[in-house]
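Chains, contacts and geometry: an overview
Below are the chains, spelled out letter by letter.
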Amino acid sequence: MNGSVESFSRPLVVLAASGLLLTACGRAEPDRPRVEVPPPVVAPAAPLPVPVITTLDRRALLDALRLAASNHAAGARSEGPDALVSKRFSVSLAFGCEGPQPVVEGQAEGLARWSWAPERRAIRLSMTPGDWTRSALVDGTGWEAVEGFWIARPWLEGPGCPAPITDPLTSDQDPASPQTVGLAAVFETGGSRLERRDGRAYAVSVRPDGAAEAVTPPPDGYRLRLQGRIGAFPDGRAIRCRSAGPDQRPVCIAALRLDRVAFEEADGSSLAEWRVGG
């Protein structure tokens, strides 16, 4: 009896163990906690540096001249060092927008213009600086010579020609506004006279190479380019203003040390240049 009992019990044990093994293989493993990986930290982009204006253009210079005119009219006086002094400038002045203007001796000094050469085979560009040495604006400075350049149409911030305007309330006979904004190239007593014009014009004749026919003037005029550094009057200010009365717009001029004068096309192409100093 004992032998038969043992013979039956062993298979049962094996089957039971096999059942446990099958049960263990079919059981799913418990879910593991999901680890959240934080996104990489991206540093914010550094702000772009604010550009430092090292060369004054037409707009910046006109802004300074307008402020000086306002302060003069209000009786305000600026204190402390003038930040304009010694700054570089490059100013473009449009001229010839209305067409040719014959050069008349002693007239329109300080303004550039162009005129026809004989048979219209060339265009002559000319600019004679004004002699401002005895002007009330530079009185008492002690400078030996002052040569002036007017900034025509100072209400235009851009360097181009004004747009044509048709208005029944105006006519071609209406006089142009008087000049009120200028640049004064100053020359110290005893300095070199080679940099001065002394009444001589900056002038050049423009004609395309090999042109056999009449020259066609550009519809948007020419440009006079002035470059150099802002100077200072004896009181340390870069700009001086003067007016005949409280209802008169002040006339303001900026002192400067001229380095270069050039005639240009409207697109900036150089036609002729003079290295004055620098």
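Refer to the structure printed above.
What this report covers is the structure whose coordinates are included nearby. (Residues numbered from 1 in each chain as written. Predicted model: local features only at pLDDT ≥ 70, side-chain atom pairs only at ≥ 80, totals over all residues. Heavy atoms only, no water.)

Adjacent strands of a sheet pair through backbone hydrogen bonds, lying either parallel or antiparallel. The three strands lie next to each other as E3-E4-E8, forming an open sheet whose pairing is antiparallel. What marks the edges here is a single partner per strand, and that holds for strand E3 (112-116) and strand E8 (202-206). The average angle at which neighbouring strand axes cross in this sheet is 20°, direction not considered. Of the pairings in the sheet, the one linking E3 to strand E4 (residues 123-127) comprises five bridges and is antiparallel in character. (Pairing = 2+ DSSP bridges. Helix = DSSP H or I, 4+ residues; strand = E, 2+ residues; numbered from the N terminus. Axes fitted to C-alpha atoms, helices over the stretch in contact; angles between N-to-C directions.)

Leu125, Leu224, Leu226, Ile239, Leu258 and Phe263 are the most contacted members of the largest nonpolar core, which totals 43 residues. Excluding residues that lie within four positions of it along the chain, Leu224 makes contacts with Val91, Ser92, Leu93, Phe95, Ala112, Met127, Phe149, Val261, Ala262 and Phe263. (Core = buried A, V, L, I, M, F, W, Y, C linked by side-chain atoms within 4.5 Å. Buried < 20%, exposed > 50% of the residue type's maximum accessible area, 1.4 Å probe, protein only. Contact = heavy atoms within 4.5 Å.)

Cysteine pairs can be covalently joined through their sulfur atoms, and such a bond is termed a disulfide. Considering all chains together, one arrives at two disulfides under this definition. Here Cys97 engages in a disulfide with Cys161; their sulfurs sit 2.0 Å apart. Where Cys97 bonds to Cys161 through sulfur, the torsion about that S-S bond is close to -80°, and the disulfide is left-handed. Of the two residues, Cys97 is situated in the loop between strand E2 (88-95) and E3 and Cys161 in the loop between strand E6 (145-150) and strand E7 (181-187); the sequence distance between them amounts to 64 residues. Under the relative-accessibility criterion, Cys161 is labelled partly exposed at 24%. At a sulfur-sulfur separation of 2.0 Å, the disulfide partner of Cys241 is Cys252. (Disulfide = S-S within 2.5 Å.)

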